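A look at the structure
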Amino acid sequence: MANTPHGGVLKDLYLRDANKQTILAAEAETLPSIILTDRQLCDLELILNGGFSPLEGFLNQKDYESVVEKMRLANGLLWTIPITLDVSKEQIEESKIAPSKRIALLDPRDYTALAILTVEDVYQPNKAKEAELVYGANDLAHPAVTYLHEIAKEFNVGGSLEAIQTPSHYDYVANRYTPTELRAHFKKLQWTRVVAFQTRNPMHRAHRELTVRAARQRKAHLLIHPVVGLTKPGDIDHYTRVRVYKALMPKYPNGMAELSLLPLAMRMGGPREAVWHALIRKNHGVTHFIVGRDHAGPGKNSQGVDFYGPYDAQILVEEYKNEIGIEIVPFQMVTYSPDTDEYIPADEVPEGVKTLNISGTELRRRLKTGLSIPEWFSYPEVVQVLRQSHPPRNQQGFTIFFTGLHASGKNAIARALQVSLNQESTRSVSLLASENSRAELSSELGFSKRDRDINIARQAFVAGELTRAGAAAIVAPIAPYNDARNAAKKTIEQFGGFYLVHVATPLEECIKRDRDGIYERAKRGEIKEFTGLDAPYEVPTNADLTIDITQQSVSQAVHEIILLLEKDGYIGSA
Ligand SMILES: Nc1ncnc2c1ncn2[C@@H]1O[C@H](COP(=O)(O)OS(=O)(=O)O)[C@@H](OP(=O)(O)O)[C@H]1O
């Protein structure tokens with residue numbers, strides 16, 4: 001028998017409202033609407049499918065205050081994380097949001113109406129108090145507190161929901177189960193005792209060992225139930241993680257474990273989040289839930305101290321275990337003993353016995369540099385998935401971003417660099433020459449600061465996309481302004497390497513080298529706002545390389561760039 005939902009009844013609003021969905025969809029067309037944020041979309045999905053039972057909507061003020069202060073809904077039922085629909089003053093005015101009004105809630109990706117909210121109240125949350133009581137500190141080092149203060153809007157709208165349709169998913173659709181579907185699946189498999197494992201990270205041998213031990217101890221089957229909604233900023237993307245989980249599943253004995261993806265927006269709320277996670281699993285029909293060390297931990301606060309103690313989450317779930325109604329399986333991380341070639345719980349390691357571990361940071365370093373990842377740590381199939389998503393530097397894309405005055409020689413160096421890089425067979429090389437970029441991307445733009453900034457942003461966008469795809473991009477605009485160059489760096493470096501090369505040829509030399517006589521025309525006033533004459537060139541202070549073509553040949557300049565790329569591992573074999 002699957003576990004009883006929290007509050008006794010599974011609030012599957014899709015099932016409840018199935019026979020009026022056409023009418024609701026037609027009504028939604030006539031209503032004012034709110035376009036949901038990514039987090040609100042995740043929350044909505046779990047309210048509508050019963051994952052957040054007993055909630056049937058977003059918290060009204062009474063429930064919100066009670067959850068913040070007492071970890072309970074106003075009716076006394078345990079609930080630890082406030083699930084709120086935040087809106088701005090402008091949204092309230094525009095959509096005339098007020099008690100008893102009906103509002104359509106739209107999917108931000110395609111504006112499909114997913115639900116209708118009947119407004120109960122509109123209230124202003126005390127964000128500082130929420131941060132203190134729910135997350136333990138009003139400290140912006142906590143991602144949920146940053147979200148609260150910097151992303152969430154000023155007001156909350158409370159009210160009940162009617163379900164029109166589920167948000168569409170286009171990835172791993174077959175692995176996504178609603179609570180109703182999961183309960184039916186357990187029934188079909190004749191699973192009665194199920195221990196769920198929550199994760200937002202890739203899984204390796206230690207996790208397989210830990211979950212099998214938990215199943216063995218409780219004579220239960222296993223549900224691997226990872227979060228694929230929103231996790232901690234900087235986490236490995238869920239596409240990669242799901243491929244990892246799929247590579248890991250065959251490592252369990254046949255029939256022991258199932259994988260289901262949970263579209264949850266995590267808050268990294270430690271102890272309170274652990275209780276919330278347990279309630280969500282209970283709603284999915286699970287009977288046991290693993291709570292490990294530092295469950296849903298956000299890391300360190302602004303003083304460099306951990307927000308929560310490593311076992312705070314275990315302590316809180318233990319305190320409320322009767323009300324949660326799911327058996328908590330507290331678990332120590334397991335660690336590898338090379339002498340006996342086995343994994344043992346960290347607290348059972350005998351005195352003096354050597355153990356090995358690889359931290360998440362160390363793993364990321366090894367992936368980045370292409371260093372080996374030992375078999376005792378992970379399965380070759382898992383490592384292969386991680387390597388595909390984290391190719392070593394010599395397979396990653398990069399951008400060489402030249403900046404310098406007209407006729408500084410940057411175009412000649414850029415062209416020579418393109419030829420030189422073409423000798424390598426590993427990447428395609430794209431040169432966005434200044435004249436091409438102006439003609440193809442920015443033909444309507446002139447040379448005001450605003451127009452130049454837009455021109456640079458467009459080139460950065462294209463270079464970023466090329467870099468993301470693993471290519472080498474070379475751009476060579478004048479790019480006279482610091483802020484535009486810095487913005488370009490930010491756009492591009494999230495996808496791969498970025499190098500700013502300043503071709504620092506002095507103005508007098510540029511004028512001498514200017515065969516087309518452009519500077520002469522500018523001096524005569526035929527061209528206005530010309531960089532170096534009557535428009536500024538802000539000399540970069542953060543260039544990765546500075547070249548002066550009066551001192552160096554084109555060949556030498558290209559070689560210096562090649563040396564830089566080699567040093568960082570972008571070219572040559574690792
Ligand atoms: N007012 C003014 N100021 C600077 N340059 C001017 C101007 N008007 C036209 N040109 C010609 O346009 C080329 C520079 O375009 P960019 O796209 O590189 O400029 S910017 O980065 O947007 O500032 C540059 O050519 P190249 O240096 O050969 O690319 C200039 O000849």
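Residues numbered from 1 in each chain as written. Predicted model: local features only at pLDDT ≥ 70, side-chain atom pairs only at ≥ 80, totals over all residues. Heavy atoms only, no water.

The name that an unreviewed UniProt entry assigns to the protein is Sulfate adenylyltransferase, with the source organism given as Thamnidium elegans. UniProt's Function (unreviewed entry) comment on the protein is quoted here verbatim: "Catalyzes the first intracellular reaction of sulfate assimilation, forming adenosine-5'-phosphosulfate (APS) from inorganic sulfate and ATP. Plays an important role in sulfate activation as a component of the biosynthesis pathway of sulfur-containing amino acids." (UniProt positions renumbered as here; feature names shortened; annotations may be inferred.)

The final tally for this structure, using the stated rule, is 12 aromatic pairs. Note on Phe52 and Trp79: the rings are 5.8 Å apart at their centroids and 75 degrees apart in plane angle, and the pair reads as edge-to-face. In this pair, Phe52 is assigned in the loop between helix H3 (38-48) and strand E2 (57-58) and Trp79 in the loop between helix H4 (61-70) and strand E3 (85-87), connecting sequence segments 27 residues apart. Per residue, the accessibility class of Phe52 equals that of Trp79, and both read buried. A centroid spacing of 6.0 Å and a plane angle of 85 degrees characterise the contact between Trp376 and Phe377, whose relative ring orientation is edge-to-face. Across this residue pair, the class does not change: Trp376 and Phe377 are buried. Grouped by ring-pair contacts, the aromatic residues Tyr336, Tyr343, Trp376 and Phe377 constitute a single cluster. The ring of Tyr481 carries Lys449 above its face, with NZ or CZ at 4.8 Å from the centroid. The aromatic ring of Tyr537 is capped on one face by Arg485, whose charged end is 5.6 Å from the ring centroid. (Phe/Tyr/Trp six-rings, centres within 6.5 Å; stacked < 30°, edge-to-face > 60°. Helix = DSSP H or I, 4+ residues; strand = E, 2+ residues; numbered from the N terminus. Buried < 20%, exposed > 50% of the residue type's maximum accessible area, 1.4 Å probe, protein only. Lys NZ or Arg CZ within 6 Å of the ring centre and 35° of its normal.)

Core analysis: the biggest nonpolar cluster contains 75 residues, and Phe52, Leu105 and Leu161 have the highest contact counts within it. Considering every element that reaches this core, the biggest residue donor is helix H11 (residues 270-283), with six residues. Apart from residues no more than four positions distant in its own chain, Phe52 is found in contact with Asp43, Leu46, Ile47, Trp79, Ile83, Leu264, Trp276, Ile280 and Asn283. Core analysis: the second largest hydrophobic core is formed by 42 residues, Val195, Ala206, Val212 and Val383 among them. (Core = buried A, V, L, I, M, F, W, Y, C linked by side-chain atoms within 4.5 Å. Contact = heavy atoms within 4.5 Å.)

Close to the ligand lie 18 residues, the nearest being Arg438, Arg452, Asn455, Ala479 and Glu529. Measuring from an oxygen atom of the ligand, one finds a backbone N or O atom of Ile478 at 2.8 Å. Protein burial of the ligand: of its 620 Å² of free accessible surface, 87% is covered by the chains. Where the shell around the ligand is concerned, the elements lending two or more residues are helix H16 (410-422), helix H17 (434-440) and helix H18 (449-468). (Near = heavy atom within 4 Å. Polar contact = N/O pair within 3.5 Å; in protein donor to acceptor, adjacent residues only side chain to side chain. Areas by Shrake-Rupley, 256 points an atom, 1.4 Å probe, with all protein chains shown as cover.)

Our focus in this paragraph is the sheet that holds strand E18 (residues 545-547). What holds strands together in a sheet is hydrogen bonding between their backbones, with the strands either parallel or antiparallel. Sheet architecture is open: five strands sit in the order E15-E16-E14-E17-E18, paired in parallel fashion. For this open sheet the edge positions go to strand E15 (429-432) and E18, each flanked by a neighbour on one side alone. The mean angle between the axes of side-by-side strands here comes to 20 degrees, regardless of whether they run parallel or antiparallel. Contacting strand E14 (398-404) and strand E17 (497-503), helix H19 (residues 482-493) crosses the sheet at an angle of about 155 degrees to E17. Its contacts with the sheet put helix H22 (residues 554-567) on E14, E17 and E18, and the angle it makes with E18 is roughly 175 degrees. (Pairing = 2+ DSSP bridges. Axes fitted to C-alpha atoms, helices over the stretch in contact; angles between N-to-C directions.)

A separate point is the sheet that holds strand E7 (residues 194-197). Spatially, five strands are ordered E9-E8-E7-E10-E11 in an open sheet, and the strand pairing comes out parallel. Both edges of this open sheet fall to strand E9 (257-259) and strand E11 (327-330), since each of them pairs with a single strand only. Recorded for the sheet is a direction-independent mean angle of 25 degrees between the axes of neighbouring strands. Contacting E7, strand E8 (221-224), strand E10 (288-291) and E11, helix H9 (residues 205-218) crosses the sheet at an angle of about 135 degrees to E11.

Below, the discussion takes up the UniProt feature "site: Induces change in substrate recognition on ATP binding" (unreviewed entry) in the protein. According to UniProt, the positions carrying the feature "site: Induces change in substrate recognition on ATP binding" (unreviewed entry) are Phe331. Examined against the element boundaries, Phe331 turns out to sit in the loop between E11 and strand E12 (334-337).

This paragraph deals with the packing of H18 against H19. Taken N-terminus to C-terminus, the directions of H18 and H19 make an angle of 20 degrees; their axes are 9 Å apart at the nearest point. What the angle tells us is that H18 and H19 run roughly parallel. H19 is crossed by H18, and the crossing has right-handed handedness. Facing H18, whose interface residues are Lys449, Asp453, Ile456, Ala460, Phe461, Ala463, Gly464 and Thr467, H19 presents Asp483, Ala484, Ala488, Thr491 and Ile492. Within the contact of H18 with H19, the residues separate by chemical class into seven nonpolar, three polar and three charged. (Parallel < 35°, antiparallel > 145°, perpendicular 65-115°, else oblique. Left-handed = near helix turned anticlockwise from the far one by under 90°. Nonpolar A, V, L, I, M, F, W, Y, C, P; charged D, E, K, R; others polar.)

On to the pattern of salt bridges, then. Inspection of every chain in the model, using the stated rule, returns 34 salt bridges. In this structure, the salt-bridge partner of Glu381 is Lys251, at a minimum N-O distance of 2.9 Å. Taken together, the residues span a long stretch of sequence, with Glu381 in helix H15 (residues 380-389) and Lys251 in the loop between helix H10 (238-248) and E9 at a distance of 130 residues. For Lys251, a relative accessible area of 27% corresponds to the partly exposed category. Here Glu526 ties to Arg521 by a salt bridge, and the two come within 3.3 Å at their closest N and O atoms. Arg521 sits in the partly exposed class, given a relative accessible area of 35%. By sharing partners, the salt bridges in this structure join Lys11, Arg16, Asp17, Lys20, Glu27, Glu56, Arg102 and Glu162 into a single network. (Salt bridge = Lys/Arg side-chain N within 4 Å of Asp/Glu carboxyl O.)

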